[in-house]
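Per-entry structural report
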Amino acid sequence: MADSTPKIKILKGAEPDLSAATFQIHDESHTLGNALRWMLMKNPKVEFCGYSVPHPSENHINMRIQMYDNLSSLTALLEALSNLDDLCGTIEDAYKASLATDPIERWDEQS
Amino acid sequence: MASSSSQLPSSVFDPRRHVGINHERVTNVSSTDYPGHYPDEDHSWNFVKFKQKLAVSVKRLSQRSVEFDLVGVDASIANALRRIMIAEVPTMAIEHVYIWNNTSVIHDEILAQRLGLVPLGVDPRTFEFRTPSDAPTDRNTLVFRLNVACERVKSAPRGSASAFTHEHVKSGDLEWVPQGEQAAVFADKPPAPTNKEIVLAKLRPGQEVEMELHAIKGVGKEHAKWSPVATASYRLHPLIVLNPAKPVPPHLAHKFAKCFSPGVVRVDPSGKVSIDERHLRKESMSREVLRHPEFEGCVELKRIRDWFIYFGNFFSRVLMSVCAVNVESEGPYAPEEMFLESIKVMRAKIALVREAAEALLAAPDSEGGVVVSADGDVEMENT
């Protein structure tokens, strides 16, 4: 089955300059939705950000972003995505460092 | 538990990091570190600050489980990585079962379902995903054969326990059939079930099963058989704060200590109680202490909102709980690799969304910019 659904759609009702818009992200769930919402809310130029899973059997999330000063919500979304990627990279490096240097209790697990 | 105990840094006593645990409710659950929440404080995203505050520390490791601390991230991030470990880290599992013969008492579909749940010790990173339209190839399919017949052993003494051969069809009876380049790729570690002792069916003399099994790569959100973990969970680090203004009466010190997990509360010979910070993480947070009126006001129970103690346990699925044997080979991922895989999946997801968002930015009127009504009704010409 060819999946032709676009990954992101902008839902009806968005401002023409995208200073307020709802993005429908296909094939994503709370996993990315909540993390992205948190990162967008860390942006002081974001007036409001929230997401919802409209229906459990529909495989998408709706992410609403409203900006101050008529800034573009799409730019804010991109910025949040790149910040989130930096965050993941940092956690990855810290975990690898801990694995290599920390004193880890190794134990034999009997089933 | 020597290495899993540690002295707490003083920053854990910052009340903003605390989740209150009260008699019948929890308080201050939501994080408040957003811009605009506190006047004249900057809580906007700061990568340098985040990097300084982040602390990751692997505590305990066995062949099948891992425990580590992740300190300094929001619950949304911690939860995303936990969810990915359960539902989106790929593994290999049997998906297609071609049954040539099955004269056992267990029905075809039940046996096929059981076979699907057998954990396979093969690295999923060496395989590609196979969509229903794809043809099976050596890059996306792993083939096993199960060919077992039960027979009476003529020479067995009367009433002996093992009068039959193959009384049980076990996961160890799966024979790997190398396809194409697989024989060379997996030469040093042939794919096989991680546990050889899982009973799949029981046979009597004259009964047999004969089938071909195709394992493909998948993720746990499609079917739990592809979930690489048995559990992946986190809890918040407990914190017990004694009230210096109202010390525990010395004659009740031992009763007080018994309200907590062993080792958490120390009582010195004079009857003075103190908290052993090295063992605080073992506290079960039973809230027993809050039931006794004589301790009212002596102590506050809390959790640290951004200190996540992860626990991941691997491969003890439903089928395996019935048999207690030692597992010789590990699962598809070493326990310590699991978290790294989840980060990898998370970054792949981010990259996918970013690609789409960039395309939208470049050409807002292209396909991605299709405007649909908010209730999800899509016009037919779009499909």
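Residues numbered from 1 in each chain as written. Chains lettered and ligands numbered in written order. Predicted model: local features only at pLDDT ≥ 70, side-chain atom pairs only at ≥ 80, totals over all residues. Heavy atoms only, no water.

Chain B goes by DNA-directed RNA polymerases I and III subunit RPAC1 in an unreviewed UniProt entry, where it is assigned to Obba rivulosa. Under Sequence similarities (unreviewed entry), UniProt gives the following word-for-word description of chain B: "Belongs to the archaeal Rpo3/eukaryotic RPB3 RNA polymerase subunit family." Listed in UniProt under the heading Subcellular location (unreviewed entry), the comment for chain B reads: "Nucleus". (UniProt positions renumbered as here; feature names shortened; annotations may be inferred.)

For chain A, an unreviewed UniProt entry supplies the name DNA-directed RNA polymerases I and III subunit RPAC2 and the organism Obba rivulosa. Word for word, the UniProt comment on chain A under Subcellular location (unreviewed entry) is "Nucleus".

**Describing the overall build of chain B**
When helices and strands are tallied, chain B shows six helices and 16 strands. Counting every position in chain B, which comprises 383 residues, the buried fraction comes to 46%. In chain B, once contacts between residues fewer than 6 apart in sequence are set aside, the share between residues at least 24 apart is 77%. For chain B, the computed accessible surface area is about 19400 Å², with 53% contributed by carbon and sulfur atoms. (Helix = DSSP H or I, 4+ residues; strand = E, 2+ residues; numbered from the N terminus. Buried < 20%, exposed > 50% of the residue type's maximum accessible area, 1.4 Å probe, protein only. Contact = heavy atoms within 4.5 Å. Areas by Shrake-Rupley, 256 points an atom, 1.4 Å probe, with all protein chains shown as cover.)

**A few points about the packing of helix α2 (residues 73-101) of chain A against helix α6 (residues 335-362) of chain B**
Where α2(A) meets α6(B), the closest approach of the two axes is 10 Å, and the angle between their N-to-C directions is 165 degrees. The orientation of α2(A) with respect to α6(B), classified from their angle, is roughly antiparallel. Crossing handedness for the pair α2(A) and α6(B): left-handed. Residues of the contact of α2(A) with α6(B), tallied by class, amount to 18 nonpolar, two polar and seven charged. (Axes fitted to C-alpha atoms, helices over the stretch in contact; angles between N-to-C directions. Parallel < 35°, antiparallel > 145°, perpendicular 65-115°, else oblique. Left-handed = near helix turned anticlockwise from the far one by under 90°. Nonpolar A, V, L, I, M, F, W, Y, C, P; charged D, E, K, R; others polar.)

**So, the sheet that holds strand β3 (residues 46-52) of chain A**
All names here are of chain A. Read from one edge of the open sheet, four strands run β1-β2-β4-β3, paired in antiparallel fashion. Edge positions in the sheet fall to β1 (8-10) and β3, since each has one partner strand and no second. Each adjacent strand pair in this sheet contributes to an overall mean axis angle of 20 degrees, direction not counted. Where β1 lies against strand β2 (residues 20-26), three bridges are found, and the strand directions are antiparallel. In the strand pairing of β2, Lys9 is matched with Gln24. Together, β2, β3 and β4 (60-67) form the strand contacts of helix α1 (residues 30-41), whose direction differs from that of β3 by roughly 170 degrees. (Pairing = 2+ DSSP bridges.)

**What to know about the environment of B:Lys246**
All names here are of chain B. Relative to the elements of secondary structure, Lys246 occurs in the loop between β13 (231-242) and α5 (253-258). Residue classification places Lys246 among the partly exposed positions, given a relative accessible area of 34%. Those residues within four positions of Lys246 in sequence are excluded, and the remaining contacts are Glu294, Phe295, Glu296, Gly297 and Cys298.

**Concerning the interface of chain A and chain B**
Size of an interface, as often reported, equals the accessible area lost when the parts are brought together. Each partner contributes residues to the interface: chain A has 56 residues there, and chain B has 66 residues. For the chain A and chain B pair, buried surface summed over both sides reaches about 5800 Å², with 64% attributable to carbon and sulfur atoms. At the surface where chain A touches chain B, the tally comes to six salt bridges. A salt bridge links B:Lys349 to A:Glu28; the nearest nitrogen and oxygen atoms lie 3.0 Å apart. (Buried area = accessible area lost by both parts, 1.4 Å probe. Salt bridge = Lys/Arg side-chain N within 4 Å of Asp/Glu carboxyl O.)

**Remarks on the pattern of salt bridges**
Counted by the stated rule, this structure contains 28 salt bridges over all chains. Linking A:Glu105 and B:Arg60 is a salt bridge whose minimum nitrogen-to-oxygen distance equals 3.1 Å. Placement of A:Glu105 in strand β5 (residues 105-106) and of B:Arg60 in strand β3 (residues 55-61) is noted, with the two residues assigned to different chains. Here the two residues A:Glu105 and B:Arg60 agree in accessibility, since each one is buried.

**Side note on the nonpolar core**
Within the largest apolar cluster, 67 residues are counted, with the highest numbers of intra-cluster contacts made by A:Leu40, A:Ile91, B:Phe339 and B:Met346. Those residues in contact with B:Phe339 that lie beyond four places of it in its chain are A:Ile91, A:Tyr95, B:Phe68, B:Leu70, B:Leu81, B:Met85 and B:Tyr310. (Core = buried A, V, L, I, M, F, W, Y, C linked by side-chain atoms within 4.5 Å.)

**Thoughts on α2(A)**
With 29 residues, α2(A) should cover 42 Å at 1.5 Å per step; its first-to-last C-alpha distance of 42 Å lies within 8% of that length. If you check the start of α2(A), you find a side-chain oxygen 3.2 Å away from the backbone N of A:Leu74, and it comes from A:Ser72. (Expected span 1.5 Å × (residues − 1). Polar contact = N/O pair within 3.5 Å; in protein donor to acceptor, adjacent residues only side chain to side chain.)

**Quick word on the pairing of β3(B)**
With six of seven residues buried, β3(B) is to be regarded as a mostly interior element. The pairing of β5(A) with β3(B) spans two bridges and is parallel. The residue of β3(B) that forms the bridge with A:Glu105 is B:Arg60. Judged from the six bridges that link them, β3(B) and strand β4 (residues 65-71) of chain B form a sheet pairing that is antiparallel.

**A look at the packing of aromatic side chains**
For the coordinates displayed, the defined rule picks out 14 aromatic pairs over all chains. Relative to B:Phe186, the ring of B:Phe127 has its centre 5.6 Å away and its plane inclined at 10 degrees; by these criteria the two rings are stacked. Here the residue B:Phe127 occupies a position in the loop between α3 (108-116) and β6 (142-149), and B:Phe186 occupies one in the loop between α4 (182-185) and β11 (199-202), the gap between them amounting to 59 residues. We classify B:Phe186 as buried; its relative accessible area is 9%. Grouping aromatic residues by their ring pairs yields a cluster made of A:Tyr95, B:Phe68, B:Tyr234, B:Phe308, B:Tyr310 and B:Phe339. Above the plane of the ring of A:Trp107 lies B:Arg60, whose end atom (NZ or CZ) is 4.6 Å from the centre. Lying across the ring of B:Phe129, B:Lys217 places its NZ or CZ 4.9 Å from the centre. (Phe/Tyr/Trp six-rings, centres within 6.5 Å; stacked < 30°, edge-to-face > 60°. Lys NZ or Arg CZ within 6 Å of the ring centre and 35° of its normal.)

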